[in-house]
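Architecture at a glance
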Amino acid sequence: MGEIILNAVSCARGAFTLRVDALRIAPGEKIAILGENGCGKTTLLQALAGLLPTKGSITCGDADWTRLSVEERAGCMAYLPQESGVLFNLSVQELIDLALTGQQPLRGGARAAVLAATEMGDFLRRPYHSLSGGEKQRAMLARVLCRRACLVLLDEPTAPLDMRHAAQVMGHLRASPAAVLAAMHDLNLAVRWFDRFLLMKQGRIIYDMRKDELEAAGLEEIYGLGLKRCNDHFVPAL
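Presented here is a report on the structure given in the accompanying data block.

A short note on the environment of V169
Looking at the element boundaries, V169 is found in helix 6 (residues 163-175). Take V169: its relative accessible area is 1%, and that puts it in the buried class. Between the C-alpha atom of V169 and that of P81, which follows or precedes it by 88 residues, the distance is 16 Å. Among all residues touching V169, those that are not within four sequence positions of it are A117, T118, L141 and L161.

Here it is in structure tokens:
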């Protein structure tokens, strides 16, 4: 997959409008999207996933991303929404296999590494609906990560996870050759595992920063909260 380039992209959802003047996503980049609820993180992910109509230009290498068929887009991209409803009584194994139909799945050691990172290897025969909230999220992460995708879009992937499982999943994503774009609410977890940060406010990318550029002032602007940096962590300035 080549570089993904967005130019003058807009996307409307009711009264809310996402506007991205320019954005480039290089192969293998690990990018976190930060911002308050309702700032446009999910809308940006859904626009890239092809789930919302957009205006402007989105290209991937020489291809017009917006003109790819569902099958073509699914062949190079994986998307995990905030909420993943499962209507049928599927086992974890069936849930994963269903997502791989017609795709290029990971096999052998690569697949085993996903199951190890999500700790789903011993859950494959379990009914999905019998799992706890965190276990369901790990099953969905395994479902997404078992696909051979060049771009992985994740919407709050660690929100239901405990500290250990969140670290395991983030470590796996960090080592993955895929480009990862993730909406994150845990600021310090994002700082630990990502290299680049899109700071959003009211449907706009206000700042596009590398880790060494990230500072309290920019974060305060998007969160409306006083912050101070303590080593590699940001905490409220009380």
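So, the side chain of K30
Along the polypeptide, K30 turns up in strand 3 (residues 30-34). Here K30 is buried and forms no salt bridge, its nearest opposite-charge partner D195 lying at an N-O distance of 6.7 Å. For K30, the side chain forms a polar contact with the main-chain oxygen of A178, separated by 2.9 Å. Apart from residues no more than four positions distant in its own chain, K30 is found in contact with L173, R174, S176, A178, V180, F194, D195 and R196.

Remarks on the packing of aromatic side chains
A full pass over the atoms with the stated rule returns zero aromatic pairs. The ring of F123 is capped by R138, whose NZ or CZ atom sits 5.5 Å from the centre of that ring. Positioned above the aromatic ring of W193, the side-chain terminus of R192 is 4.1 Å from the ring centre.

Quick word on the nonpolar core
Grouped together as the largest cluster of nonpolar side chains are 52 residues, with contacts concentrated most on L34, L154, F194 and L219. Excluding anything up to four places from it in sequence, L154 contacts L45, L80, L141, V144, L173, V180, L181, A182 and A183. Judged by nonpolar contacts, the second largest core, of 29 residues, contains L6, I25, L48 and A49.

A look at unusual backbone geometry
Even without being glycine, A8 reaches a positive phi, approximately 50 degrees. Considering the arrangement of structural elements, one finds A8 in strand 1 (residues 4-13). Phi is positive for Q202, close to 50 degrees, though the residue is something other than glycine. Position of Q202 among the secondary structure elements: in the loop between strand 9 (196-201) and strand 10 (204-210). For Q202, a relative accessible area of 65% gives the class exposed.

Side note on the pattern of salt bridges
Scanning all chains against the criterion turns up nine salt bridges. One salt bridge in this structure joins D21 and R204, with 3.7 Å as the shortest N-O distance. Pair noted here: D21 is in strand 2 (residues 16-25) and R204 is in strand 10, with a separation of 183 residues, a long-range link. A residue is classified by how much of its surface remains accessible, and D21, at 57% relative accessible area, is exposed.

Thresholds applied
Residues numbered from 1 in each chain as written. Predicted model: local features only at pLDDT ≥ 70, side-chain atom pairs only at ≥ 80, totals over all residues. Heavy atoms only, no water. Helix = DSSP H or I, 4+ residues; strand = E, 2+ residues; numbered from the N terminus. Buried < 20%, exposed > 50% of the residue type's maximum accessible area, 1.4 Å probe, protein only. Contact = heavy atoms within 4.5 Å. Lys, Arg positive; Asp, Glu negative; His and termini not counted. Salt bridge = Lys/Arg side-chain N within 4 Å of Asp/Glu carboxyl O. Polar contact = N/O pair within 3.5 Å; in protein donor to acceptor, adjacent residues only side chain to side chain. Phe/Tyr/Trp six-rings, centres within 6.5 Å; stacked < 30°, edge-to-face > 60°. Lys NZ or Arg CZ within 6 Å of the ring centre and 35° of its normal. Core = buried A, V, L, I, M, F, W, Y, C linked by side-chain atoms within 4.5 Å.

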